[in-house]
Amino acid sequence: MKSFILRLISFIVGLSLISLGVSFTIKAELGTGAWDALNVGLSKTVGLTVGSWVFIVGIILIILNAFLLRARPDMLAVITIFLAGLFIDSWLLIVLDQFKVSGLLHQIILFVVGMVILAFGISVYLQANFPLIPIDKLMLAIQERLGVSMGVAKTIGELSALVVAFLFSGPIGLGTLIVTFTIGPLVQLIAPRVHKFQQRLQA
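From a predicted model like this one, the values you see are computed outputs, not experimental measurements.

### Brief notes about the packing of helix 3 (residues 50-69) against helix 4 (residues 77-95)
Between helix 3 and helix 4, the least distance of the axes is 7 Å, while the angle of their chain directions is 160°. Between helix 3 and helix 4, the crossing angle belongs to the class labelled roughly antiparallel. The hand of the helix 3/helix 4 crossing is right-handed. On helix 4, the residues that touch Val50, Gly51, Ser52, Val54, Phe55, Gly58, Ile59 and Ile62 of helix 3 are Ala77, Val78, Ile81, Phe82, Ala84, Gly85, Ile88, Asp89 and Leu92. Among the residues making up the contact of helix 3 with helix 4, the classes are represented as 12 nonpolar, 4 polar and 1 charged.

This is the structure we're talking about:
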């Protein structure tokens, strides 16, 4: 029971931190990750909130992943994307609604802080071993279906999102490249430390 409670806390806290990190990169206006750029672009051009598009795109990806893996849709992942969308809207529309950055230095600081929080949030969320965000599951689905490496599969997914984000005028910039190539190494750096901390809590 103690283990499940810790996993649940990791899941909720991790998703909340991921959403805060994403919200900071959006507010920095230097470019966001490809999938975040897609959600922001859809929000601006079609309507609805960014969090709503996190949920809608997530549902589409759940169906796509099921097709690629020739398996049943991962319905538990609906909870994951619902919470992720809810948290992002809470940060953007309530907590950070009036938050403004002035000047390039402040933009860079906010972006870097957002990146670190995002990487930390991913590291915490992964410890829960709960249903994956469909974006992460897509990487595994592409890897299995096409028989490519995980790195290639991740790149295919990111580039696909980037193309659609461009079509919907998403916030693509230097920050997009930085997120794409930096978030993985940051998670690799932070995740082992988070894992050790959680093991001490479970002892």
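### Some remarks on the packing of helix 3 against helix 6 (residues 134-146)
At a closest axis distance of 9 Å, the pairing of helix 3 and helix 6 adopts a crossing angle of 20°. Here helix 6 runs roughly parallel to helix 3, going by the angle between their axes. Pair helix 3 / helix 6 crosses with left-handed handedness. Along the contact surface, helix 3 presents Gly58, Leu61, Ile62, Leu64, Asn65, Phe67, Leu68 and Leu69, while helix 6 presents Pro134, Ile135, Lys137, Leu138, Leu140, Ala141, Ile142, Glu144 and Arg145.

### Quick notes on the packing of aromatic side chains
The tally for this structure, following the rule as stated, stands at 3 aromatic pairs. When the centroid spacing of 4.9 Å and the interplanar angle of 45° are considered together, the rings of Phe11 and Phe130 count as tilted. Here Phe11 is found in helix 1 (residues 2-28), whereas its partner Phe130 is found in the loop between helix 5 (104-126) and helix 6, with 119 residues between them in sequence. Just as Phe11 is buried, Phe130 falls in that class too. In this structure an aromatic cluster arises from ring pairing among Phe4, Phe11 and Phe130. Stacked on the ring of Phe67, the Lys or Arg Arg145 has its end atom at 5.4 Å from the ring centre.

Calculation rules
Residues numbered from 1 in each chain as written. Predicted model: local features only at pLDDT ≥ 70, side-chain atom pairs only at ≥ 80, totals over all residues. Heavy atoms only, no water. Axes fitted to C-alpha atoms, helices over the stretch in contact; angles between N-to-C directions. Helix = DSSP H or I, 4+ residues; strand = E, 2+ residues; numbered from the N terminus. Parallel < 35°, antiparallel > 145°, perpendicular 65-115°, else oblique. Left-handed = near helix turned anticlockwise from the far one by under 90°. Contact = heavy atoms within 4.5 Å. Nonpolar A, V, L, I, M, F, W, Y, C, P; charged D, E, K, R; others polar. Phe/Tyr/Trp six-rings, centres within 6.5 Å; stacked < 30°, edge-to-face > 60°. Buried < 20%, exposed > 50% of the residue type's maximum accessible area, 1.4 Å probe, protein only. Lys NZ or Arg CZ within 6 Å of the ring centre and 35° of its normal.

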